[in-house]
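# Fold and geometry: a report
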Amino acid sequence: MGTDSDAAGPSAEVIIGLDVGTTATKVVAFEVGSARRVTAIREYPLMAPQPGWQVQDPFVVRAAVLSALAECVTAVGGDRVVAVSVSTAMHALIGLDADFEPVTSLITWADARSVDEARGLRASDVAMDLYRASGTPIHPMTPLTKLMWFSRREPVLTARVRWWAGLKDYVLATLTQTMATELSSASGTAMLDLTTRDWNPTAIELAGIRAEQLPPVLPTTAVLGLAAAVAAQVGLPAGLPVVVGAGDGPLGNVGTGAMARGVVGLSLGTSGAVRMVVPEPQLDPKGRLFCYALTESQWIVGGAISTGGVVVRWAGDVFGHGLGAEGTPHDRELLELAAAVPPGSDGLLMLPYLLAERAPLWNPDLAGAYLGIRHGHTRGHFVRASVEGVALQLSTIVEALDRIEPVTSVRATGGAFRSVLWRQVLAGAIGRPVTVTGGAEGSALGVAALGLLALGRAGDLTSAVEALGPPQGARPIEVPEVASPSEVAFYRGLRASVPSLLAAYDEVARLFA
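Predicted model, so just to flag it, every value in this text is computed and none were measured. Think of each chain on its own: its residues are numbered from 1, step by step along the sequence as written. This being a predicted model, a pLDDT of at least 70 is required before a residue's local features are given, and a value of 80 or more before pairs of side-chain atoms are given or counted; all residues contribute to the totals for chains, interfaces and linings. No hydrogens and no water enter the side-chain calculation; it runs on all heavy atoms of the structure.

### Observations regarding the overall build of the protein
So the rule is basically this: Every helix listed is a DSSP run of H or I at least four residues long, and every strand listed is a run of E at least two residues long, numbered separately from the N terminus. In this description the radius of gyration comes from C-alpha coordinates, and the expected globular size is given by 2.2 Å times residues to the power 0.38. Each residue is placed in one exposure class: buried if its accessible area under a 1.4 Å probe, protein chains only, is under 20% of its type's maximum, exposed if it is over 50%, and partly exposed if it falls in between. Two residues form a contact once any of their heavy atoms are found within 4.5 Å. Note on areas: these come from Shrake-Rupley sampling with a 1.4 Å probe, and a residue is covered only by the protein chains present in the view. By the counting scheme adopted, Arg and Lys are positive, Glu and Asp are negative, and His together with the chain ends is not counted. A single reference atom marks each charge: NZ on Lys, CZ on Arg, CG on Asp, CD on Glu.
Scanning the protein for helices and strands turns up 19 helices and 23 strands. Relative to the globule expectation of 24 Å for 513 residues, the C-alpha radius of gyration of the protein, 23 Å, shows essentially globular dimensions. Taken along its principal axes, the extent of the C-alpha atoms in the protein is 70 × 55 × 45 Å. Going through the 513 residues of the protein one by one, you find that 56% of them count as buried. Once local pairs closer than 6 in sequence are excluded, the contacts in the protein between residues at least 24 apart make up 71%. With an accessible surface of roughly 20,300 Å², the protein has 56% of that area assigned to carbon and sulfur atoms. Computed over 38 positive and 48 negative side-chain charges, the inter-centroid distance for the protein is 3 Å.

Listed below in structure tokens is the structure:
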């Protein structure tokens, strides 16, 4: 929890970006035409009541949203708030009653309880049919498979549900007392029809629910009104515009400035993702990439990996004993050891499938592995191989995007890039210039910009972002990380070596057959 602000003149106009994530809510008030920010943050736990489950207490999340919003409003003082614009994490599911009160826990994107349902769909042609209709690969993260799980395994609980909603819909209902979703979040459910921009009857039937249990789908620039009771609680006027906004993933491209043709946005936190803006829905023939809406005329194509920067924290738990103080993260020390190891980790390679994997294979059953282990490999080798494995995995998504639109450069954000090693390895593996942006405001900045667009205060998202930052000349100079041709060639060769490394185990498989 915290607030950060600078002095401002009287009666400034601000727009509030409300970014509700998986483990925290960040509320940022952006002064229009200025670099001034006011930020309030509330964190909350991600719970695992059973193996494979990843849920949140919806009452705790709701309280965090309202508390952070109230703190931010108090901090802006006499400034005039023109709107609240909402971003949330995608792929969550919650059952609500007729009064919008929770009947179920908030089932997050990371919840894998529906792995059997996803596996069943992927074993048939149904999964590809659903992908072609919705743009969302079938995976346990999708609300469709979660709904199938509830319908089959919790029929009594399911019968009590009036509304099946996402995290965005729950937050909007809290703020406005209106049940609605928007095109971006709906496009990540595997239940939307990209052609009609409405719910897909085939998916509804598979889910085992009724169409009237799903919220109406609004454009991401639609505006609702702040409910009187909530307005009084947070210190804002009743009826204040609430812009329904978009999902946090698509908005990340706005916040990092990855909006131009051929420029991809790459985020690397616990997980990782690569995304590109296209003017209309585009699908990958092999079903490797998602396609989510940002606005009616801007769509995000890309892929997310489940194991990103967390691989170093995992390596610390396994290999970090004796480094630094006990009970503290060893990321810096481990990365220093890894940096002393030559590229390619002397033949050691990691397949970084520590969690239920998403893009580009969308196979939650894949398990991670180290290939090529030899006696001389040290913990530095294992850590470097882990970093290189994640970078190579991200490179496969960039390659798939390159077939849709040639990728010329990457704008990257995430705490991992404080490490020189991460920047160097990623630039070599991807083979394009990588510019690390500040990006701390990320989706909050993106949704604030979308809010200005919705209010008619900007002509497009790029100019909206410009209106929320310092003048161009006052911005820090961004220097891209550029790998040498020899480094790019080396990592291309390393990636090409994976099939032969795997094939070498064929005779082992025959031995134990």
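### A word on the packing of helix 11 (residues 310–319) against helix 13 (residues 379–402)
Convention followed: The angle between two axes is taken between their N-to-C directions and runs from 0 to 180 degrees, where each axis is a line fitted to C-alpha atoms and a helix contributes only its stretch in contact. Any angle that falls under 35 degrees is termed roughly parallel, while one over 145 is termed roughly antiparallel, one within 65 to 115 roughly perpendicular, and all others oblique. Crossings are sorted by hand: turned counterclockwise from the far helix by less than a right angle, the near helix makes the crossing left-handed, and turned clockwise it makes it right-handed.
Running from N to C, helix 11 and helix 13 point in directions that differ by 160 degrees, and their axes come no closer than 10 Å. Comparing their axes, helix 13 and helix 11 come out roughly antiparallel. The way helix 11 lies across helix 13 gives a crossing that is right-handed. The residues of helix 13 that touch helix 11, namely those facing Val311, Val312, Trp314, Ala315 and Phe319, are Arg379, Phe382, Val383, Ser386, Val387 and Val390.

### With respect to the sheet that holds strand 22 (residues 409–413)
Filter applied, for reference: Pairs of strands are assigned from DSSP output, requiring at least two bridges between the strands.
The six strands are arranged 18-19-17-16-22-23 in an open sheet whose pairing can be described as mixed. Two strands in the sheet have a free side with no partner beyond their single neighbour: strand 18 (290–295) and strand 23 (434–436). Each adjacent strand pair in this sheet contributes to an overall mean axis angle of 30 degrees, direction not counted. Across five bridges, the pairing between strand 16 (residues 263–268) and strand 22 is parallel. When the sheet's bridge partners are listed, Leu266 is paired in strand 22 with Ala412.

### Quick notes on the packing of helix 14 (residues 420–430) against helix 17 (residues 485–496)
Selection rule: Any residue outside Ala, Val, Leu, Ile, Met, Phe, Trp, Tyr, Cys, Pro, Asp, Glu, Lys and Arg is labelled polar, Gly included; the first ten of those are nonpolar and the last four are charged.
Where helix 14 contacts helix 17, the axes come no closer than 7 Å and their chain directions differ by 75 degrees. When the axes of helix 14 and helix 17 are compared, the pair comes out roughly perpendicular. Here Val425, Gly428 and Ala429 of helix 14 lie close against helix 17, whose contacting residues are Glu487, Val488 and Tyr491. Split into classes, the residues belonging to the contact of helix 14 with helix 17 amount to four nonpolar, one polar and one charged.

### Concerning the environment of Val60
Note that Val60 resides in helix 1 (residues 58–76). For the pair Val60 and Glu466, spaced 406 residues apart in sequence, the C-alpha separation works out to 35 Å.

### Description of unusual backbone geometry
The residue after Ala359, namely Pro360, is reached through a cis peptide bond having omega -5 degrees. Summarising the element assignment, Pro360 is placed in the loop between strand 20 (349–351) and strand 21 (369–371). For Gln177, which is not glycine, the phi torsion reads 60 degrees and is therefore positive.

### Thoughts on helix 13
For an α-helix the count is 3.6 residues per turn, leaving residues at separations of three or four pointing the same way. Basically, it comes down to this: Expected helix span is computed as 1.5 Å times (number of residues minus one).
Between its terminal C-alpha atoms helix 13 stretches 35 Å, which fits the 34 Å expected from 24 residues at 1.5 Å a residue. For helix 13, a buried count of 21 out of 24 residues is recorded, marking the element as mostly surrounded by other parts of the structure.

### Here we look at a nonpolar patch on the surface
Formally: Any residue with relative accessible area above 30% and no salt bridge may belong to a patch, with like charges joined within 9 Å and the nonpolar Val, Leu, Ile, Met, Phe, Trp and Tyr side chains within 5 Å. Each reported salt bridge corresponds to a side-chain nitrogen of Lys or Arg within 4 Å of a carboxyl oxygen of Asp or Glu.
The grouping of Tyr505, Val508, Leu511 and Phe512 at the surface amounts to a nonpolar patch, some 460 Å² of accessible area in total. Inspection of the secondary structure assignment puts Leu511 in helix 19 (residues 506–511). Leu511 gets classed as exposed once you look at its relative accessible area, which sits at 66%.

### Brief notes about the pattern of salt bridges
Overall, the coordinates contain 25 salt bridges when judged by the stated rule. Across the pair Glu296 and Arg197 runs a salt bridge, and its minimum N-O distance is 2.8 Å. With Glu296 in the loop between strand 18 and strand 19 (298–305) and Arg197 in the loop between strand 11 (192–193) and strand 12 (198–199), this residue pair connects regions lying 99 residues apart in the sequence. Taken together, the shared-partner salt bridges connect Asp116, Glu117, Arg119, Arg153 and Asp365 into one network.

### So, the environment of Ala211
Note on placement: Ala211 falls in the loop between helix 8 (201–207) and strand 13 (217–218). Through-space distance from the C-alpha of Ala211 to that of Trp164 is 9.9 Å; in sequence the pair is 47 residues apart.

### Quick notes on the environment of Ser443
To keep it simple, the criterion reads: Definition of a polar contact: a pair of N or O atoms within 3.5 Å, with one able to donate and the other able to accept a hydrogen when the atoms are protein atoms, and with sequence-neighbouring residues admitted only if both atoms are side-chain atoms.
The topology assignment puts Ser443 in helix 15 (residues 442–454). Of the residues examined, Ser443 reaches a relative accessible area of 10% and is grouped as buried. As for Ser443 and Ser87, which are separated by 356 residues in sequence, their C-alpha atoms are 6.7 Å apart. Other than its neighbours up to four places away in sequence, Ser443 contacts Asp19, Ser87, Asp248, Leu251 and Gly252. A polar contact is formed between the side chain of Ser443 and the backbone oxygen of Asp248, at a distance of 2.9 Å.

Note that every value here comes from positions in space, so none of it alone points to a role or purpose.
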